Amino acid sequence: MSTFLQTSIEFLKGVGPQRAELLKSELGIYTFEDLLNHFPFRYVDRSQYHTIAESQYCDMAIQLKGYIIEINESGVGRKRKLTAKFQDQTGMIELIWFQGIKWILPTLKKGVEMQVYGKPKQYGPKWNMPHPEIIEFSKVKDDVGLQPVYSTTEKLTNSGLHSKGIEKLIKTLVDQLPTLNESLSKQLLVKLNLLDRTTAYKQIHQPKTEEFANRARNRFKFEELFYLQMELLVRKQISVQKTKGFIFEEVGELFNDFYKRGLPFDLTGAQKRVIKEIRKDFLKGHHMNRLLQGDVGAGKTLVALLTTLIGIGNNYQAAIIAPTEILAIQHFETIKEMLKDFPVEVALLTGSTKTKDRRELHERLLNGDIHLLIGTHALLEDSVQFNNLGIVVIDEQHRFGVAQRAKMRSKNTTPPHVLVMTATPIPRTLAMTFYGDLDVSVIDELPPGRKPITTVHKKEQNRLTVFGFIREEIEKGRQIYIVYPLIHESETLDFNNLMDGYEAISRSFPLPKYKVSMVHGKMKPEEKDFEMQRFVNGETQIMVATTVIEVGVNVPNASVMIIESAERFGLSQLHQLRGRVGRGAEKSYCILMTGDKLSKETKKRLDTMVRTNDGFEIAEVDLQLRGPGDIMGTQQSGELNLRIADLAKDSQTVVLARDEARALLADDPSVEKPENFIIRELLTKILKAKPNWGRIA
Ligand code: ADP
Ligand code: MG
């Protein structure tokens, strides 16, 4: 059977050596199996007809019936173009082709009733239909219900393999398909009522009905996600068994003492729960690899501190790493203040630490004088050696690369425990998939007394009102952020935006009454810190900045966040920026300034921001809008290489696959029971084939 599937694609009727080469180079299709796995990306219902008059209100592909009244060919080479005027009782629309003209031209017939299928497009006042499918009406088969649509490329189209051509090849293949070996266990097929593999292949390509198409798709989606989850869970099992970790027997004197008299406030329920989870990890004797998710302002810093105190109380050293100098300094100052009555030696190490101080610091680290080191990337350098590093906390982990995180693990002979924290909530299904080998904790509760931030969307014509509002807030003693976009491609342009903005603000809010700070990426770190510090100290009332202030900065007195050109920011970035306010007792506001013309997607982003403050809800919308590739980075999601499942749309199947994989491993940890034979076979292949990409810390 497998020999059938492994047959080289050129031996399929209708392919031959030339097309075979193209199928390989364009779509990576080498074998019958590869072609079978080239699933349609959608289906069209070809039993319905529309009229040309209706077509102008359509935003989707439609089917028309009528006559060609004129055919025109023009241009040469790349400019070559074929057009046909197509008419029915209700009107006329122009059909246009730029590719595959030599295949299309002979099929165009005047005076014969034709069927046309395509998506109408508006060009100025005119409507046309680019690259429609066209066929004589008398040749339309009446048994076509659902027609599969396949992705293809320009080169393939030019050799006759447009969607329709691919459909024909696949039909040839499906018609001679033998009964295939199963790739899921009987139990799973029965329990989840899944189509068997052979039927599923037939029905995904040539569905009898929509219901069958869906069932076939669901089977392949489940299969894909199930093996992905099995892989992640098994890899995690292996790494947990393999990697020994320090045991922190007791929480220790230090923790208890700090808990009793050092805590600035009562912990929230969520903070307590997370600390319990971490505490459990410390007792297992395995290496902790935990991700802590919590919305901006959820109080992760305190959890980080308490975690390190457990390590320190057990006579290990601890480190906290932040992605920016500003943030590292802020952590250092907050933590030093909280620990001032406790016997903990805290030190700061950043890129700006002077060589002389650094040398001394290295020594004190090595002989164990320093208990807690806080800093930036500078901590990763080889010269930074610890006496006995037991626990590392990485803040805003998405700002760090895999290699940098791995580096921290190598700072002791037994890898120190790792807690990574992120304020960018990751939708559940993505966390399950991309961080499948980590344990995840969530702080899903904000500290008490926070007033929700009111968010509004304003346009240029409201600017005076907005400025009036700023004045009122400053009058009340509050401080204001005004943020401008910074995108690398047009740094100069953005810089001008910022400068123009700064000047306009300085004019509208003149000295001596108002003082304005400015921070941007082109400033030296010292200048940046100086300006930032003036704002933190309350010497300036307005902070004009680019997104450099996005991460973690805490100025509780700032109550208004104005985001200029908000249409140019992504959802999670908007949410992060908004999180800079609402940190004190005062009522806070976020004002999203935009131009007049907004795309549908932009409107959705802005509406979401106005509607909710919940980071997880925002993350879900973001996932729907942008897809996993943009959220996790194309590299990470590219490596996933999903054929059919969509992490954004198939979240239920992700959860189902996860649950089934878990249940299987709970019942049969080494996947050795006879009924799981098929799964074991496939899984072994997968584990061998893929490098270990899932690990992040
Ligand atoms: P993030 O999770 O974004 O890093 P922080 O740790 O900076 O949030 O905390 C945000 C603010 O909330 C800080 O000012 C911190 O002191 C305060 N905070 C943290 N935990 C609590 C708590 N349990 N009760 C009251 N305030 C808290
Ligand atoms: Mg933080």
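A. View of the site of ligand 1. As a structural note, the neighbourhood of ligand 1 is formed by 16 residues, with Asp266, Gly297, Lys300, Thr301 and Arg450 the closest of them. Contact distances for ligand 1 include 2.6 Å between an oxygen atom and a backbone N or O atom of glycine 297. Lysine 300 places a polar side-chain atom, nitrogen or oxygen, 2.7 Å from an oxygen atom of ligand 1. Protein chains bury 82% of the 560 Å² of accessible surface belonging to ligand 1 in isolation. Its residues assigned to classes, the shell around ligand 1 comprises five nonpolar, six polar and five charged.

B. A look at the pairing of strand 14 (residues 389-394). Across the six residues of strand 14, six count as buried, placing the element largely inside the fold. Here strand 11 (residues 317-321) pairs with strand 14 via five bridges, running parallel. By the bridge assignment, glutamine 317 is partnered in strand 14 with leucine 389. Summarising the sheet, strand 14 and strand 15 (residues 417-422) pair through four bridges and their orientation is parallel. For isoleucine 391, the partnering residue across the bridge sits in strand 15 and is histidine 417.

C. Structural context of the pairing of strand 21 (residues 558-563). Counting buried residues along strand 21, six of its six residues qualify, which places the element largely inside the surrounding structure. Across five bridges, the pairing between strand 18 (residues 479-483) and strand 21 is parallel. Across the sheet, residue isoleucine 480 finds its bridge partner in strand 21, namely valine 560. As a crossover connection, the stretch from strand 21 through helix 21 (residues 571-578) into strand 22 (residues 589-594) is right-handed.

D. Spotlight on the packing of helix 22 (residues 600-611) against helix 23 (residues 615-632). Taken N-terminus to C-terminus, the directions of helix 22 and helix 23 make an angle of 175°; their axes are 10 Å apart at the nearest point. In terms of orientation, helix 22 and helix 23 fall into the roughly antiparallel class. For the pair formed by helix 22 and helix 23, the contact residues are Glu601, Lys604, Arg605, Thr608, Met609 and Arg611 on the first element and Glu617, Ile618, Val621 and Leu625 on the second. Split by residue class, the contact of helix 22 with helix 23 holds four nonpolar, one polar and five charged.

E. Region of interest: the sheet that holds strand 22. Spatially, the six strands line up as an open sheet ordered 17-22-21-18-20-19, and their pairing is parallel. The outermost strands of the open sheet, each flanked by one partner alone, are strand 17 (454-459) and strand 19 (516-519). For this sheet, the mean inter-axis angle between neighbouring strands, taken without regard to orientation, is 20°. With four bridges joining them, strand 18 and strand 20 (residues 542-545) adopt parallel strand pairing. Note that in strand 20 the partner of valine 483 across the bridge is alanine 545. Those strands touched by helix 18 (residues 463-475) are strand 17, strand 18, strand 20, strand 21 and strand 22, and its axis lies near 155° from that of strand 22.

F. The arrangement of the sheet that holds strand 7 (residues 126-130) in detail. With respect to topology, seven strands assemble into an open sheet ordered 6-7-4-3-2-5-8, the strand pairing being mixed. Two strands bound the open sheet, and with one partner strand each, they are strand 6 (121-123) and strand 8 (133-136). Within this sheet the neighbouring strands show an average axis-to-axis angle of 45°, counted without direction. When strand 2 (residues 62-74) meets strand 5 (residues 114-118), the two strands line up antiparallel, connected through five bridges. Residue pairing across strands places lysine 65 opposite glutamine 115, the latter belonging to strand 5.

G. Local environment of unusual backbone geometry. In this chain, leucine 511 is followed by proline 512 through a cis amide linkage whose omega measures -5°. Here proline 512 shows up in the loop between helix 19 (491-508) and strand 19. Look at serine 565: it is not a glycine, yet its phi comes out positive at around 50°. Here serine 565 lies in the loop between strand 21 and helix 21.

H. Quick look at the pattern of salt bridges. For the structure shown, the criterion picks out 36 salt bridges. Close ionic contact of aspartate 281 with lysine 284 constitutes a salt bridge, the shortest N to O distance being 3.5 Å. Overall, the relative accessible area of 5% leaves aspartate 281 in the buried class. Ionic pairing is found between glutamate 617 and arginine 611, a salt bridge with its closest N-O pair at 2.4 Å. Overlapping salt bridges bring together Arg273, Glu277, Asp281, Lys284, Arg290 and Asp444 as one network.

What counts and what doesn't
- Residues numbered from 1 in each chain as written.
- Chains lettered and ligands numbered in written order.
- Predicted model: local features only at pLDDT ≥ 70, side-chain atom pairs only at ≥ 80, totals over all residues.
- Heavy atoms only, no water.
- Near = heavy atom within 4 Å.
- Polar contact = N/O pair within 3.5 Å; in protein donor to acceptor, adjacent residues only side chain to side chain.
- Areas by Shrake-Rupley, 256 points an atom, 1.4 Å probe, with all protein chains shown as cover.
- Nonpolar A, V, L, I, M, F, W, Y, C, P; charged D, E, K, R; others polar.
- Buried < 20%, exposed > 50% of the residue type's maximum accessible area, 1.4 Å probe, protein only.
- Helix = DSSP H or I, 4+ residues; strand = E, 2+ residues; numbered from the N terminus.
- Pairing = 2+ DSSP bridges.
- Right-handed = clockwise from strand over helix to strand, strands pointing away.
- Axes fitted to C-alpha atoms, helices over the stretch in contact; angles between N-to-C directions.
- Parallel < 35°, antiparallel > 145°, perpendicular 65-115°, else oblique.
- Contact = heavy atoms within 4.5 Å.
- Salt bridge = Lys/Arg side-chain N within 4 Å of Asp/Glu carboxyl O.

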